[in-house]
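Examination of the molecular architecture
Residues per chain, in single letters:
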Amino acid sequence: MDGTQIAERGTGTGAPAQPPGPATQLPAMLARLWADEAALGLSRRWPELSARNRSFPHLATLLAALSVAAILAAPFQGLSVTGLIAMAASPACLALVGLRLAGVLNRPCHAARRELPDAALPVTSIIVALYREAGVVGHLVQALRAIDYPDGRLEIRLVLEADDEETLEALEDAALDERFRIVIAPPGHPRTKPRALNFALRFCTGDIVAVHDAEDRPHPRQLRRAVESFSLAPPSLACLQAPLNWYNRNETWLTRQFSMEYAAHFHVMLPLYQRLGWPLPLGGTSNYFRGLMYQAHQE
């Protein structure tokens, strides 16, 4: 069977239970199998949970037809199109205003946590998906190096696409320590962040898995606090979302607007959704997932 080096590159040997060593040749057939599973595995095993198997064209067609019919009928009802749109939008706008006011009046409740000694901290994996992001590699590596977590209990997987040579070169020039490992996803479609994360998960051994974006600058103690929160959480808690904001919020008018929107979402609206028992939309980064093994260890 032919081999390939597109699956994984090592930068050290000190992290716990590391995958095979530097420049390991992963059989091409196995690499393709893992990549296919990363992209389509959920839709095969649990089709009811996969967006791939959900179709909305009929609903979209119905809504479009109703909108066109309403606009065409507006003149016959003595309403202008603008008036019809305003009438239709008013209840939704009022509902959103009421929801935000409720969020302001709600008192946020953050996850409880207890301080843990280094010896009690579980092995944790961080996955970062990068694509054409050589320009932020320096800031990313600096932020990940600053994470306050004991040696031997943290592994970092940086997953790239197979054709992203520029980012790969930037990482190889960054003098990564033994916590880091570069994982290169084989070519395939759809070439998305979820596919890359799923593929990199094959190379993780942590009881807790964290997801970050390339431009993230997580607080050095964010990981430790997430783990300490899990230690007190009930078994039903599978994921923690850290609040996000803009590091350059005072740079321009636009970044200030984004910063206010992020602050409202993470510090006002999400706590309200939690209190109401509504589903919580994840930000796609700074997410911490607890595995079944960690739950078993705690029990």
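Heads up: these notes are all about the structure in this document.

What counts as what
Residues numbered from 1 in each chain as written. Predicted model: local features only at pLDDT ≥ 70, side-chain atom pairs only at ≥ 80, totals over all residues. Heavy atoms only, no water. Buried < 20%, exposed > 50% of the residue type's maximum accessible area, 1.4 Å probe, protein only. Helix = DSSP H or I, 4+ residues; strand = E, 2+ residues; numbered from the N terminus. Arc of directions from axis to C-beta. Contact = heavy atoms within 4.5 Å. Salt bridge = Lys/Arg side-chain N within 4 Å of Asp/Glu carboxyl O. Pairing = 2+ DSSP bridges. Right-handed = clockwise from strand over helix to strand, strands pointing away.

1. Remarks on helix α4 (residues 137-145)
Given 3.6 residues per turn, any residue in an α-helix points the same way as the ones three and four places further on. All of the buried residues along α4 are V137, L140, V141, A143 and L144. Projected down its long axis, α4 carries its buried residues within an arc of 160°, all on one side. Exposed positions of α4 whose direction lies more than 90 degrees from the buried face are G138 and Q142. As for α4, its buried residues are in contact with β4 (124-129), β5 (154-161), α5 (165-172), β6 (180-185) and β7 (208-213).

2. A look at the pattern of salt bridges
When the charged atoms of two side chains lie near each other, side chains of opposite charge can form a pair. This structure, assessed with the given rule, holds 12 salt bridges. The partner of E37 in a salt bridge is R45, and the shortest N-O contact between them spans 2.0 Å. For R113, the salt bridge is made with E228, and the minimal N-O distance between the two is 2.8 Å. With R113 in the loop between α3 (81-105) and β4 and E228 in helix α7 (residues 222-230), this pair connects stretches of sequence that are 115 residues apart. Classification of R113 by relative accessible area gives partly exposed; the value is 40%. One network of salt bridges, with partners in common, ties together D118, D148, R221 and R224.

3. Regarding the pairing of β6
The two faces of a sheet get side chains in turn, since along a regular strand they alternate between them. Across the 6 residues of β6, 6 count as buried, placing the element largely inside the fold. By the bridge criterion, 6 bridges tie β5 to β6 in an arrangement that is parallel. Each residue of the ladder has a partner; that of L158, found in β6, is I182. This β-α-β element, β5 to α5 to β6, shows right-handed connectivity.

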